[in-house]
Amino acid sequence: MQPLKSGQVVALWLLRITLVLYLFFDNIYNLRQINFDSIRFYIAFAFVIFAVLLFVGGFLSKPGLTVLSGLIIFLLSGYQLFVSYGGRFDISLIMYLFPLSIGFFFLCQGNK
């Protein structure tokens, strides 16, 4: 059976939409409590902003915004994974792998 090439564009947009929704709902609690002294606030803010920019980058012809957003999401997710690791590998740690993977995908793929 051959892969469905025509569905690739839909799949890319589903990845973008899912990432935006996941990062928004995962970080909205940290954004409700505006605390400029907390690193969690800045990380949550960056996650939401760059997820939205990744989505907007899909509408542009040049891949720069998508690649930059993918890089930032990848790095922030890697940081969260590193900070959250407490010697055990559990479901909360695996949840950081999703945005890490999708961010890395768009870092490498761009708008193709």
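Keep in mind the model is a prediction, meaning the values are calculated, not measured.

Describing the side chain of S77
Line of reasoning, step 1. Relative to the helices and strands, S77 resides in helix α3 (residues 64-84).
Line of reasoning, step 2. Discounting residues that sit within four places of it in the chain, S77 has contacts with F47, Y96, P99 and L100.

Section: α3
Think of an α-helix as 3.6 residues a turn; residues three or four steps apart then line up on the same face.
Line of reasoning, step 1. Look at α3: 30 Å from first C-alpha to last across 21 residues, which is about the 30 Å you get at 1.5 Å a residue.
Line of reasoning, step 2. Three or more residues of α3 are buried, namely T66, S69, G70, I73, L76, S77 and Q80. For α3, the angular spread of buried residues about the axis comes to 140°, placing them on one side.
Line of reasoning, step 3. Residues of α3 that are buried make contact with α1 (8-32), α2 (39-57) and α5 (97-109).

Considering the layout of surface pockets
Line of reasoning, step 1. Space inside the largest pocket adds up to approximately 270 Å³.
Line of reasoning, step 2. Forming the walls of the largest pocket are 14 residues, and the residues nearest its centre are N30, R40, Q80, S84 and Y96.
Line of reasoning, step 3. Elements with a contribution of two residues or more to the lining of the largest pocket: α1, α2 and α3.
Line of reasoning, step 4. For the lining of the largest pocket, the per-class residue count stands at 7 nonpolar, 5 polar and 2 charged.

Topic: α5
Line of reasoning, step 1. Helix length check: α5 (13 residues) gives 18 Å between terminal C-alpha atoms against 18 Å at 1.5 Å per residue, within 8%.
Line of reasoning, step 2. For α5, the complete set of buried residues consists of P99, L100, I102, G103 and F106.
Line of reasoning, step 3. In this structure, the buried residues of α5 make contact with α1, α2 and α3.
Line of reasoning, step 4. Following α5 by one or two positions, G110 has its phi on the positive side, about 70°.

Some thoughts on empty space enclosed by the protein
Line of reasoning, step 1. All chains considered together, the criterion is met by 1 cavity of 30 Å³ or more.
Line of reasoning, step 2. Estimates place the volume of the largest cavity at around 40 Å³.
Line of reasoning, step 3. The wall of the largest cavity is formed by Y22, L23, D26, N27, F47, Q80, Y96 and P99.
Line of reasoning, step 4. Residues belonging to the lining of the largest cavity are distributed by class as follows: 5 nonpolar, 2 polar and 1 charged.

Points about the environment of S101
Line of reasoning, step 1. Within the secondary structure, S101 is located in helix α5.
Line of reasoning, step 2. Considered as a pair, S101 and F74 are 27 residues apart in the sequence and their alpha carbons are 7.2 Å apart.
Line of reasoning, step 3. There is a polar contact of 2.6 Å between the side chain of S101 and the backbone oxygen of L97.

Analysis parameters
Residues numbered from 1 in each chain as written. Predicted model: local features only at pLDDT ≥ 70, side-chain atom pairs only at ≥ 80, totals over all residues. Heavy atoms only, no water. Helix = DSSP H or I, 4+ residues; strand = E, 2+ residues; numbered from the N terminus. Contact = heavy atoms within 4.5 Å. Expected span 1.5 Å × (residues − 1). Buried < 20%, exposed > 50% of the residue type's maximum accessible area, 1.4 Å probe, protein only. Arc of directions from axis to C-beta. 1 Å grid on protein atoms, 1.4 Å probe; cavity = no way out; pocket = protein on both sides within 12 Å on 5 of 7 lines; lining within 4 Å. Points joined across faces, edges and corners; volume = space filled by probe spheres on them. Nonpolar A, V, L, I, M, F, W, Y, C, P; charged D, E, K, R; others polar. Polar contact = N/O pair within 3.5 Å; in protein donor to acceptor, adjacent residues only side chain to side chain.

All we've got here are geometric facts, nothing functional implied.
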